[in-house]
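# Chains, contacts and geometry: an overview
Here is what each chain is made of, one letter per residue.
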Amino acid sequence: MFSETFRWLRTRCSRLFCRGKAEAALDAELQFHLDQLIAQFRGEGMTEREARLAAQREFGNAVVYREEIRDTWRPPELADIWRTLRFASRSLQRSPGFALLAIITLALGIGGNTMMFSAFTSILKKPLPYPGEERLERFNRATPQNATGDFSPADFRDLQRAAASYGEVAAYTPSDCSLSEPARPAEIVSGIRCTANLLGLLGVPPQLGRNFLPQEDLPGNDRVVIISDRCWQKRFGGKDDIIGRTLRVDGQPHEIVGVLPASFNDWRHLGWVDFFRPFGFDKDKMSDRRDTILRVIGRRSALLPPAQADAFIANFGAHLAKDFPEVNAGSSWRAVSLASTTHGRSLPAMLKMCIGLSAFVLLIACSNLANFLLARTITRSREFAVRSALGASRGQLLRPLVAETFLLALAGVALAMLVARWGADWLSYRSIGENGEPVTLVFSWSVFAWALGASFITAIAFGMAPALFALRLNVNEALKSGGRGMTGDRGHRRFRQFLIVGQFAMAMVLLAGAAVFIRGLDELNHRRAGWQSAHLITGTIVLPAASFPDDQQVRNFHSLMLERLQAMPEVASASVSSFTPFFDWPDIRKYIMQGRALPKPGHEPAAAVNTVSSRYFETVGTRILTGRSFDERDTATSPKVIVVSQATARGLFGNESALGKRLAQTGSDPQEWAEIIGIAADVKSVLPAAPQVTFQVYEPTEQHPVRYNEIMVRTANSAPARVVNDIRNVITGLDPDLPVHDLQLADSAIDRANYQIAILRDILTLFAMLGLGLASVGIYGVIARTMAQRTNEFAIRFALGARARDISRLVLASGVKLALLGSAIGLIGALGVTHILAAWNSGMHLNSTSTVLGTTVFLVGVALVACWLPARRAGRINPIDALRAE
Amino acid sequence: MDKVRSELLQGTLDLLILRTLAGAALHGWDIAKRIAVVSNDRLSLKQGSLYPALHRLEDRGWIEAEWGISKAGRSAKFYRLSRRGRKELQVEKAHWLSFATAVQNVLEME
């Protein structure tokens, strides 16, 4: 029984799919019959020729049988669908322009949307590469200055001791290190230092070698390093003998003990970290409660409900705040899921906004499609009227329309997948960051399903709606009007006008959002408030503690390096500082003022601190407004001095002169008072998020030598490219183990730092251009078609004495009215989008009314051009020809 | 004897083919021949209706086809009844007989 069914299925399938074979078999079968006939006639005594002719006569028309037989091969429903589709494809081929436009419209709309969705799923929905990720938490120590602050070693040590009831905790701190090998220039490698249990806590064992041992947390045992797969492949050629190899890291020999798996490097959490080293804190560092440098991660015990874990962490923070008010007053602890911290605060919202905007593009595309299809259906209304008069049912009338839409959707999906693919590739390529690693956007089936669903739903819905509209037509009327002058009835016109108004409203939102954002970003990238970027070169060096064990050596190196740099003929001035003037300064300290009542613990004024060498202000171009800059009078042993920014001076001392006043950092014991010797202009960060602390304080490097240094070199004129190399040579000439990181013009550093926003800008621009293009095509199509359909009316108007100008104005006005209405509605949405953008990027100036107004004018201008083309044609109608064509 | 008018054949064509194939596997030519002989040439199947019917029956799974060698030594397509076709033959035959009896009863009424 089973084999019988199988044979039957095989026959059917071969007839459906292997037509050639089935046809050949049929030919053979019929030929056999014919030959039998010939043989029979021969047997009756005919000659070969006569028999052949007689047989053919008897046999009849084989073509007709074949057709009949073929019909039995296809199930009737399928044959019907096939016929309908073939008919639809032929009907589309007759108007290739329409078909192409519709397919491209769909592809762009759906493709853009799919691209955004794949970005969304790859960035936000993909789990982190850590097993049991749902129990991983990141702890934040919130202070009035910083909601997501980090922890001091002593606080962490206390937490570690008490953590048994919570689960396991680990800490790490970003710590780039210099790597030097014989015969290779030293380089800076991105790295972190962590507790020995960090990798175990994350659940990622090394693919080669071993994890850190508990005793490697102790100083002296800490000269081991685990490297990333990326570093292993790129720098060490992926060789197996890497384990046990010794490297000079920060000037000290370190042993490679492990290689992490490739899956570990995920830019969303730790980023592209190549070197992992244990902390190796000594006793002093471990009991430091002021220096909040540790990021803390915990793995909650499986038995502990999340609410209890949260309460435990909050309680612990509260205890520390009570026990150590001088450093922890006003701070509170919070545990958040690690997954929620993997991207910037605003990234999910930005992505959602992009998806929303891409949905706008899709909507514009769909309403265009609806408009095209409606117009097409209306011009064919006479055909429908005839068919319906001949007795075609509503279903039979609809079927070819549905088939056409189906074909359009199918082609649209195919092309949209390509568009999405290209879009994702572009986005990947565009998002290559400083480390040269693109963000990989994975293709997911859910995205594919989304594209498929979206296109079919949109195409069928937007294709069917006009069809249903058109089928409401009055057969009698349609036939009487003879197919001429069909503009559709009032309902159709309303619907199409509604679509155009909607398109322009959405295009307005897109365009205004993009324009405001682009201007904001430009302003951000060109903001040089409080310093000057021209001819300024910046770079980073980190002086390893191993080679520069004490402050005096750091000082010596600074003065030697600056002396050599200044001696270069192209260099006007050079300095070192702990931060560049253009980014946020993350080093935030709290201050008390001499001679004033102490504020409540935790409520002291906070300031971002930059430690700078004596010629810093001159080099970066920050003006000293009153008082003086640091100079050779300020040494390690002289009284402590600081320079404050204008906002700090005003904020702390009001109208009083700040010069000569003294400040001290909280928590220092004994208090170390520093005298304000100068007031500098305020410096603004070029990053899109506004800094949480607006006060700025400068300390001299002579009094507070730091190992992390930004080198600033201002050249006399625009520097030739080789100056950058010369600077590098000067520094490596001093210490071959010392790599210079990111040595480049300050302007390029700023552009690179804001590349994520630049991507957002590109996406917005892309969508805005798409939306604008689609909306213009839409309004052009509608106006041109109405124009064509009203030719008779215009001809009569001409005949009655209207001038070309009047007719053009009539056409123009009908279009511009719609565009204006749409833009006016869109203005409300545009203001909304601008507000959202401004809220997410508080450091950007995004409340630009003039830009929004300019966009409106631009959009209406585009509409004007789109309507002007058909309007001009309308003005050139020859009334005699047009009326004769009646 | 006159040939039966062709339209009468239409409804019974499938039945005739199935019945003819009940005995042995035959190719199209032999099916037509066999029917013609048995009906004393009153029923003659034109190839124009025979082959579409064969393909339709095969499509329904009532008969199966296989290429074999004809008596004259040529390769030909042989049809035979499938299990489902045999069942169908019983049903159709019973149906036809009861129909024929009914028609006869009406025609022979007093």
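Below or above, wherever it landed, is the structure these notes cover. Only a predicted model underlies this, so the values are computations on that prediction, with no experimental measurement involved.

## Quick look at the interface of chain A and chain B
Listed per partner, the contact involves 25 residues of chain A and 28 residues of chain B. On the chain A side of the interface with chain B, the three residues burying the most area are Glu29(A), Phe32(A) and His33(A), jointly 27% of the side's total. In this structure, the connection of chain A to chain B is made through three salt bridges. A salt bridge links Glu64(B) to Arg7(A); the shortest N-O distance between them is 3.0 Å. When contributions to the side of chain A that touches chain B are tallied by element, the ones reaching two or more residues are α1 (2-17), α2 (19-43), α3 (48-59) and α4 (62-73) of chain A.

## Comments concerning the pattern of salt bridges
Residues and elements named next belong to chain A. This structure, assessed with the given rule, holds 29 salt bridges over all chains. In this structure, Arg193 and Asp222 form a salt bridge, with 3.4 Å as the shortest nitrogen-oxygen distance. Of this pair, Arg193 sits in strand β5 (residues 191-194) while Asp222 sits in the loop between β6 (208-209) and β7 (224-227), placing them 29 residues apart in sequence. Asp222 shares its class with Arg193; the two are buried. In this structure, the salt-bridge partner of Arg722 is Glu570, at a minimum N-O distance of 3.0 Å. Here Arg722, found in helix α22 (residues 722-734), pairs with Glu570, found in the loop between α19 (551-567) and β14 (571-577); they are 152 residues apart in sequence, far enough to count as distant.

## What about the pairing of strand β18 (residues 641-645) of chain A?
All names here are of chain A. Most of β18 is tucked away: five of the five residues are buried. Burial along β18 is two-sided: Val641, Val643 and Ser645 facing one way and Ile642 and Val644 facing the other are all buried. Relative to strand β20 (residues 674-680), β18 runs parallel, the two sharing five bridges. Its bridge partner being in β20, Ile642 is matched across the sheet by Ile676. As paired elements, β18 and strand β21 (residues 696-700) share two bridges and run antiparallel to each other. Within β21, the position partnered with Val644 by the bridge is Val697.

## A word on a nonpolar patch on the surface
Residues and elements named next belong to chain A. The grouping of Leu100, Ile104, Leu415, Leu418 and Trp422 at the surface amounts to a nonpolar patch, some 470 Å² of accessible area in total. Those elements giving two or more residues to the nonpolar patch turn out to be α6 (96-125) and α15 (394-430). Tallying contributions element by element places α15 first for the nonpolar patch, with three residues. Here Trp422 shows up in helix α15.

## A word on the side chain of Ser175(A)
For Ser175(A), the location among the structural elements is in the loop between β2 (167-174) and β3 (177-180). Setting aside its immediate chain neighbours within four residues, Ser175(A) contacts Gly191(A), Ile192(A), Arg193(A) and Arg277(A).

## Things to note about the packing of aromatic side chains
Counted under the stated rule, the structure contains twelve aromatic pairs over all chains. When the centroid spacing of 4.7 Å and the interplanar angle of 70° are considered together, the rings of Phe617(A) and Tyr698(A) count as edge-to-face. In this pair, Phe617(A) is assigned in helix α20 (residues 616-620) and Tyr698(A) in strand β21, connecting sequence segments 81 residues apart. Across the pair, Tyr698(A) and Phe617(A) agree in class, each one buried. Over the aromatic face of Trp29(B) sits the side chain of Lys33(B), whose NZ or CZ is 4.7 Å from the ring centroid.

## Focus on the packing of α4(A) against helix α3 (residues 47-60) of chain B
Any two packed helices are characterised by how steeply their axes cross, that is the angle between the axes, and by the distance between the axes. Contact geometry of α4(A) with α3(B) gives a least axis separation of 8 Å together with a crossing angle of 15°. With respect to their mutual orientation, α4(A) and α3(B) come out roughly parallel. Seen from above, α4(A) lies across α3(B) with right-handed handedness. Along the contact surface, α4(A) presents Tyr65(A), Glu68(A), Ile69(A), Thr72(A) and Trp73(A), while α3(B) presents Gln47(B), Gly48(B), Tyr51(B), Pro52(B), His55(B), Arg56(B) and Asp59(B). The residue makeup of the contact of α4(A) with α3(B), split by class, is five nonpolar, four polar and three charged.

## Observations regarding the pairing of strand β11 (residues 295-300) of chain A
All names here are of chain A. Counting buried positions along β11 yields five of six residues, so the element is predominantly enclosed. In this sheet, β11 lies alongside strand β1 (residues 136-142) in antiparallel orientation, the contact comprising four bridges. Looking across to β11, one finds that Arg138 is bridged to Ile297. Examined bridge by bridge, β2 and β11 share six bridges and lie antiparallel to one another. Across the sheet, the residue bridging to Ala171 is Val296, located in β11.

## Some thoughts on the sheet that holds strand β1 (residues 26-27) of chain B
Residues and elements named next belong to chain B. Taken in spatial order, the three strands line up as β1-β3-β2 in an open sheet, and their pairing is antiparallel. If you trace the sheet from one side to the other, it starts and ends with β1 and β2 (63-69), each paired once. As judged from the two bridges shared by β1 and strand β3 (residues 75-81), these two strands associate in the antiparallel manner. In the strand pairing of β3, Leu26 is matched with Tyr79.

## Here we look at helix α26 (residues 804-840) of chain A
Taking 1.5 Å as the rise per residue, α26(A) with 37 residues should run 54 Å; its terminal C-alpha atoms sit 52 Å apart, in good agreement. At Leu827(A), α26(A) shows its strongest bend, of approximately 30°.

## Notes on the environment of Thr12(B)
Residues and elements named next belong to chain B. With respect to the secondary-structure elements, Thr12 resides in helix α1 (residues 6-21). Take Thr12: its relative accessible area is 11%, and that puts it in the buried class. Remark: the alpha-carbon pair of Thr12 and Lys93, spanning 81 residues in sequence, is separated by 9.7 Å.

## A look at the packing of α2(A) against α4(A)
Residue and element names in this part refer to chain A. α4 packs onto α2 with a crossing angle of 135° between their chain directions and a minimal axis gap of 12 Å. Here α2 is positioned oblique relative to α4, judged by the angle of their axes. As for the relative orientation of α2 and α4, their crossing is right-handed in sense. The segment α2 lies against α4, with Arg19, Ala22, Glu23, Leu26, Asp27 and Leu30 engaging Arg66, Ile69, Arg70 and Trp73. Broken down by class, the residue content of the contact of α2 with α4 amounts to five nonpolar, no polar and five charged.

## A word on the nonpolar core
Met116(A), Phe504(A) and Ile779(A) are the most contacted members of the largest nonpolar core, which totals 68 residues. The set of elements that each furnish at least two residues to this core consists of α6, α13 (347-379), α18 (490-525), α24 (755-789), α25 (791-799), α26 and α27 (849-875) of chain A. Discounting chain neighbours no more than four positions away, the residues touching Ile779(A) are Ile500(A), Phe504(A), Gly815(A), Ala819(A), Ala863(A), Ala866(A) and Cys867(A). Listed in part, the 39 residues of the second largest apolar core include Leu34(A), Phe41(A), Leu45(B) and Ala76(B).

## What to know about unusual backbone geometry
With phi around 60°, His535(A) is a residue other than glycine that occupies positive phi space. Position of His535(A) relative to the elements: it lies in the loop between α18 and β13 (536-542). The class for His535(A) is partly exposed, based on a relative accessible area of 30%. At Asn40(B), a residue that is not glycine, the phi angle is positive and equals roughly 55°.

Rules used in this analysis
- Residues numbered from 1 in each chain as written.
- Chains lettered and ligands numbered in written order.
- Predicted model: local features only at pLDDT ≥ 70, side-chain atom pairs only at ≥ 80, totals over all residues.
- Heavy atoms only, no water.
- Contact = heavy atoms within 4.5 Å.
- Buried area = accessible area lost by both parts, 1.4 Å probe.
- Salt bridge = Lys/Arg side-chain N within 4 Å of Asp/Glu carboxyl O.
- Helix = DSSP H or I, 4+ residues; strand = E, 2+ residues; numbered from the N terminus.
- Buried < 20%, exposed > 50% of the residue type's maximum accessible area, 1.4 Å probe, protein only.
- Pairing = 2+ DSSP bridges.
- Patch = residues over 30% accessible without salt bridge, like charges linked within 9 Å, V, L, I, M, F, W, Y side chains within 5 Å.
- Areas by Shrake-Rupley, 256 points an atom, 1.4 Å probe, with all protein chains shown as cover.
- Phe/Tyr/Trp six-rings, centres within 6.5 Å; stacked < 30°, edge-to-face > 60°.
- Lys NZ or Arg CZ within 6 Å of the ring centre and 35° of its normal.
- Axes fitted to C-alpha atoms, helices over the stretch in contact; angles between N-to-C directions.
- Parallel < 35°, antiparallel > 145°, perpendicular 65-115°, else oblique.
- Left-handed = near helix turned anticlockwise from the far one by under 90°.
- Nonpolar A, V, L, I, M, F, W, Y, C, P; charged D, E, K, R; others polar.
- Expected span 1.5 Å × (residues − 1).
- Bend = angle between axes of the 7 residues up to and from the residue.
- Core = buried A, V, L, I, M, F, W, Y, C linked by side-chain atoms within 4.5 Å.

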